[in-house]
Amino acid sequence: MITSFLRTWRFIYSHPLASRNLPYAIKQWIKWQIASRILKMPVVVPFIGEAYLVAELGMTGATGNIYTGLHEFVDMAFCLHLLRTGDLFVDVGANIGSYTVLASKVVGANSIAIEPVPKTFEYLHRNLNLNEISSLVDSRCCAVGRNHGLVKFSSDLDTTNRVVDGSYYGSSIEVPVQTLDQMMEQLQPTLIKIDVEGFEFEVIAGALKTLSCSSLLAILIETVEPNTRKILEEYGFEPAIYQPFQRDLQVSENNHLSSNYLWIRNRSEIIRRCKSAPIYQSLGVDF
């Protein structure tokens, strides 16, 4: 437990948003540690603006938002600054829906939220209902890959549930697989986030028509191996880093300074959008 606490303290101290208001962030963390152990039940917590999340002890992504404001600050701020009402955000590996809530509740964009684990999908729906955004979100309980079919998926790893093989001894389930091209037919996505714990290439391989869509400006993706990179480059995407406080976007090979790799297309349009987006606030800090 001491190791876990130290890891959390280091995370808060180095977090680009929480570090700007450390006393408040640490206070929030202590309050959550005490309250969650006393209550031992789901708790509705403020998120950004008028958005809320339901958090429970052990929900790493959700609870991280309590004391850092935005757990994956750079990537989440990019979503808030880039998206507009009427845009389509695609959340592949939505988990409990933190990104989807930002896109649809805070910004007012439409979303497709994809989460393969049924229990986590229930948590996702709980947050959609809490924030009254079900009409803006098409939620799907399935995996995403290069072919239609079935795949074995872990169900006991919280935010790191993933595709597994026969050597996996934890809890697992069989889930249906669809391709992004199947889902995106006649749709015009603006931003896609892909967080599928190493299955990213399979997702990209099944999204070639989607990648050619002119409306698609950016992709946030957790892992990029050579084959994934080759496809992204073939479709005109280039690696970049985003600086939320300056709202600056730079093409850079060193584009894994945050939780995900950022790949962009039409840099001038992205900068225009980010520069003109509203000012948001979390932990008393504007960004």
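Residues numbered from 1 in each chain as written. Predicted model: local features only at pLDDT ≥ 70, side-chain atom pairs only at ≥ 80, totals over all residues. Heavy atoms only, no water.

(A) Up close: the overall build of the protein chain. Looking only at helices and strands, one finds 11 helices and 15 strands in the protein chain. On C-alpha atoms alone, the protein chain measures out to a radius of gyration of 18 Å, which is about the 19 Å that the 2.2 N^0.38 rule sets for 287 residues. For the protein chain, the spread of C-alpha atoms along the three principal axes comes to 50 × 45 × 35 Å. Scored against the burial criterion, the 287 residues of the protein chain give a buried share of 53%. The contacts of the protein chain with a sequence gap of at least 6 include a subset with a gap of at least 24, amounting to 65%. With an accessible surface of roughly 13,100 Å², the protein chain has 53% of that area assigned to carbon and sulfur atoms. (Helix = DSSP H or I, 4+ residues; strand = E, 2+ residues; numbered from the N terminus. Rg over C-alpha atoms; globule rule 2.2 N^0.38 Å. Buried < 20%, exposed > 50% of the residue type's maximum accessible area, 1.4 Å probe, protein only. Contact = heavy atoms within 4.5 Å. Areas by Shrake-Rupley, 256 points an atom, 1.4 Å probe, with all protein chains shown as cover.)

(B) Broad picture of the pairing of strand S9 (residues 191-194). Neither face of S9 is open: one carries Leu191 and Lys193, the other Ile192 and Ile194, and all of them are buried. Pairing of strand S3 (residues 88-92) with S9, which is carried by 4 bridges, proceeds in the parallel orientation. Its bridge partner being in S9, Asp91 is matched across the sheet by Lys193. For S9 and strand S10 (residues 218-221), the ladder comprises 4 bridges, and the chain directions are parallel. Across the sheet, the residue bridging to Ile192 is Ile219, located in S10. (Pairing = 2+ DSSP bridges.)

(C) Representation of the pattern of salt bridges in the model. Using the criterion set out here, one finds 10 salt bridges in the structure. A salt bridge links Arg140 to Asp138; the shortest N-O distance between them is 2.8 Å. On the basis of relative accessibility, which here comes to 21%, the residue Arg140 falls in the partly exposed class. Overall, Asp138 belongs to the partly exposed group, its relative accessible area being 32%. The structure contains a network of salt bridges with shared partners spanning Asp87, Glu269, Arg272 and Arg273. (Salt bridge = Lys/Arg side-chain N within 4 Å of Asp/Glu carboxyl O.)

(D) Geometry of the packing of helix H4 (residues 73-82) against helix H5 (residues 98-107). One way to put it is that H4 packs onto H5 with a least axis distance of 10 Å and a crossing angle of 30°. In terms of orientation, H4 lies roughly parallel with respect to H5. For H4 against H5, the interelement crossing comes out right-handed. Note on element contacts: H5 touches H4 through Ser98, Tyr99, Leu102, Val106 and Val107, opposite Asp75, Met76, Cys79 and Leu80. In terms of residue class, the contact of H4 with H5 is made up of 7 nonpolar, 1 polar and 1 charged. (Axes fitted to C-alpha atoms, helices over the stretch in contact; angles between N-to-C directions. Parallel < 35°, antiparallel > 145°, perpendicular 65-115°, else oblique. Left-handed = near helix turned anticlockwise from the far one by under 90°. Nonpolar A, V, L, I, M, F, W, Y, C, P; charged D, E, K, R; others polar.)

(E) Summary view of helix H11 (residues 267-276). Residues of H11 that are buried include every one of Ile270, Ile271, Arg273 and Cys274, and no others. Each buried residue of H11 sits inside an arc of 165° when the element is viewed along its axis, so together they form one side. Pointing more than 90 degrees away from the buried face of H11 are the exposed residues Ser268 and Lys275. At its buried positions, H11 is contacted by H4, S10, strand S11 (238-243), strand S12 (248-251) and strand S13 (261-264). (Arc of directions from axis to C-beta.)

Shape is all these values report; function is a separate question.
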